Amino acid sequence: MLKHVAIIMDGNGRWAKARHLPRVAGHKKGAESAKAAIESCIKHKIQYLTLYAFSSENWGRPEDEVKDLMNLLRFYLDSELKNLHKNNVRLRFVGDTAKLEKDIQDKITAAEKLTENNTALTACIALSYGSRQEITNAIKAVAKAINDGTLKINELDEDTLSNYLYTKNIPDPDLLIRTGGDQRLSNFLLWQSAYTELYFTECFWPEFTEAEFTKAVEAFHSRERRFGQTSVKEAI
Ligand code: FPP
């Protein structure tokens, strides 16, 4: 079953460059694709969507580009919130959000609060997100809990550790899409993607339409997921 799709939205810059446009034009068009992906998930009755909007490594981009991305984020948090809420979308933000500017942190908290009981789709936006940092922080918190005596070392299992991650209570992704032609995970959901189906496409993110989304969903359904077990066909 396809319950959770995660997306690495890559290729905004190259899409813009090919059109002799500034990179920010690619990010703007990319934000529209993100809106379309939310709509596609609702249509396909997919319950969770996680979008890699800004990685912990993205802080190292030129100051102007970081500013442009943050301004886009502000714009969409203001302009889309009502509509998302009306469409019964729950918003969640994962990552080191304490690094974001205070006004953005406030908007995020308000958006999560407003939409917390919505049920059509959980749209999870990864901001200032890095998987290794997430796992490191989880291990620190586990060590502290063991030290404080609130967790016994023998009680620590995979589910317990998962509860210390930013993605607590979000099921692991079934399908991870990366646009833009590169075939790597770039520090995205490393723990959570242990058995995730990976789908890579040359399509740049600003051109990732509903038809492209449907292609990825169809590819997912054509695969047999064995989770390390024997194929059902081979077993009989
Ligand atoms: C990768 O393309 C994309 C990003 C770093 C940001 C993704 C952002 C959006 C889709 C806009 C919505 C997000 C926010 C924060 C409002 P790239 O710039 O790495 O493309 P390139 O590899 O072609 O240079």
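An account of the accompanying structure is given in this report.

Conventions used here
Residues numbered from 1 in each chain as written. Predicted model: local features only at pLDDT ≥ 70, side-chain atom pairs only at ≥ 80, totals over all residues. Heavy atoms only, no water. Near = heavy atom within 4 Å. Polar contact = N/O pair within 3.5 Å; in protein donor to acceptor, adjacent residues only side chain to side chain. Areas by Shrake-Rupley, 256 points an atom, 1.4 Å probe, with all protein chains shown as cover. Helix = DSSP H or I, 4+ residues; strand = E, 2+ residues; numbered from the N terminus. Nonpolar A, V, L, I, M, F, W, Y, C, P; charged D, E, K, R; others polar. 1 Å grid on protein atoms, 1.4 Å probe; cavity = no way out; pocket = protein on both sides within 12 Å on 5 of 7 lines; lining within 4 Å. Points joined across faces, edges and corners; volume = space filled by probe spheres on them. Expected span 1.5 Å × (residues − 1). Buried < 20%, exposed > 50% of the residue type's maximum accessible area, 1.4 Å probe, protein only. Arc of directions from axis to C-beta. Contact = heavy atoms within 4.5 Å.

1. Comments concerning the site of the ligand
Around the ligand sit 17 residues in total, of which Asp-10, Gly-13, Arg-14, Arg-23 and Arg-61 are the nearest. A distance of 3.0 Å separates an oxygen atom of the ligand from a polar backbone atom of Gly-13. Here an oxygen atom of the ligand sits 2.8 Å away from a polar atom, N or O, in the side chain of Arg-23. Contact with the protein chains covers 90% of the free accessible surface of the ligand, which is 610 Å². Mapped by element, the contributors of at least two residues to the shell around the ligand are helix H1 (12-18), helix H2 (23-43) and helix H3 (63-86). With four residues, the single largest contributor to the shell around the ligand is H2. When its residues are assigned to classes, the shell around the ligand shows seven nonpolar, six polar and four charged.

2. Quick look at the layout of surface pockets
In this model, the largest pocket occupies a volume close to 970 Å³. Lining the largest pocket are 40 residues, with Met-9, Tyr-52, Ala-53, Phe-54 and Leu-69 positioned closest to its centre. Elements represented by at least two residues in the lining of the largest pocket include exactly H1, H2, strand S2 (48-55), H3, strand S3 (89-94) and strand S4 (121-129). The dominant element in the lining of the largest pocket, judged by the number of residues it contributes, is H3, at nine residues. Here the lining of the largest pocket is composed, by residue class, of 22 nonpolar, eight polar and 10 charged. Put simply, the second largest pocket is a space of about 380 Å³.

3. Re helix H4 (residues 102-115)
Over its 14 residues, H4 runs 20 Å from end to end, which matches the ideal 20 Å to within 8%, given 1.5 Å per residue. When H4 is considered as a whole, its buried residues turn out to be Ile-104, Ile-108, Ala-111 and Thr-115. In a view along the axis of H4, the buried residues occupy a sector of 65°, so they form one face of it. In H4, those exposed residues whose orientation departs by more than 90 degrees from the buried face are Lys-102 and Lys-113. The inward-facing, buried residues of H4 abut H3, S3 and S4.

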